[in-house]
Amino acid sequence: MTDSIDATQTSISLTDRAAAKVRALREEEGNQALKLRVYITGGGCSGFSYGFTFDEDTREDDTIVDNGDVALLVDAMSIQYLAGSEVDYDQGLMGSRFVVQNPNATSTCGCGSSFSV
């Protein structure tokens, strides 16, 4: 069973800036059912990599973090590496992208898309 919880009640949060970007992207796609999914995969230059995708479906083992009308989905395997993290949207020299501020990362690569624990 999935649990929907407010971002202030969980160990991972979705910033207002990231939620605003998800709203804009949903509007562009014409699909208000889209949710932002963050996940961890192996094989980044620092060990693990962050991944982002949009998903309409919620899986049974997902943690759901709400920021207003925007939902962030995290699968059961990934949540253990993301505890205490903040998902944000950054516009800078590296371009525009969703980013994870992860206090569990002991090292990260230069671009910030991979990490080790």
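Criteria and thresholds
- Residues numbered from 1 in each chain as written.
- Predicted model: local features only at pLDDT ≥ 70, side-chain atom pairs only at ≥ 80, totals over all residues.
- Heavy atoms only, no water.
- Pairing = 2+ DSSP bridges.
- Helix = DSSP H or I, 4+ residues; strand = E, 2+ residues; numbered from the N terminus.
- Core = buried A, V, L, I, M, F, W, Y, C linked by side-chain atoms within 4.5 Å.
- Buried < 20%, exposed > 50% of the residue type's maximum accessible area, 1.4 Å probe, protein only.
- Contact = heavy atoms within 4.5 Å.
- Expected span 1.5 Å × (residues − 1).
- Arc of directions from axis to C-beta.
- Polar contact = N/O pair within 3.5 Å; in protein donor to acceptor, adjacent residues only side chain to side chain.

(A) Up close: the pairing of strand β8 (residues 95-101). As paired strands, strand β7 (residues 86-92) and β8 are joined by seven bridges and run antiparallel to one another. Opposite D88, over in β8, you have V99 as the bridge partner. Hairpin geometry of β7 and β8 is characterised by an intervening segment of two residues between the two adjacent antiparallel strands.

(B) Highlighting the nonpolar core. Ranked by size, the top nonpolar core spans 19 residues in total, and within it I12, L14, V38, L72, L82 and V87 carry the most contacts. In contact with L82, not counting residues within four places along its chain, are S11, I12, V38, I40, Y50, V74, V100, N102 and N104.

(C) Main features of helix α1 (residues 16-29). Over its 14 residues, α1 runs 20 Å from end to end, which matches the ideal 20 Å to within 8%, given 1.5 Å per residue. Looking at α1, one finds that the buried residues are A18, A19, V22 and R26. Down the axis, α1 shows its buried residues gathered within 100° of arc, on one side only. α1 presents D16, E27 and E28 as exposed residues on the side facing more than 90 degrees away from its buried surface. Once α1 ends, the next one or two residues include G30, with phi positive near 70°.

(D) Structural context of the side chain of R26. With respect to the helices, strands and loops of the structure, R26 is situated in helix α1. Its relative accessible area of 3% is what places R26 among the buried residues. Looking at R26, its side chain comes within polar contact range of the main-chain oxygen of D69, at 3.0 Å. Apart from the residues lying within four places of it in its own chain, the contact partners of R26 are N31, Q32, L34, D69 and V70.

(E) Molecular detail of the sheet that holds β8. Taken together, the three strands give an open sheet; going across it, the order is β2-β7-β8, and neighbouring strands pair in mixed fashion. The two strands at the open ends of the sheet, each matched to only one other strand, are β2 (13-14) and β8. Where β2 meets β7, two bridges bridge the pair, whose relative direction is parallel. Directly across from L14, in β7, lies its bridge partner V87.

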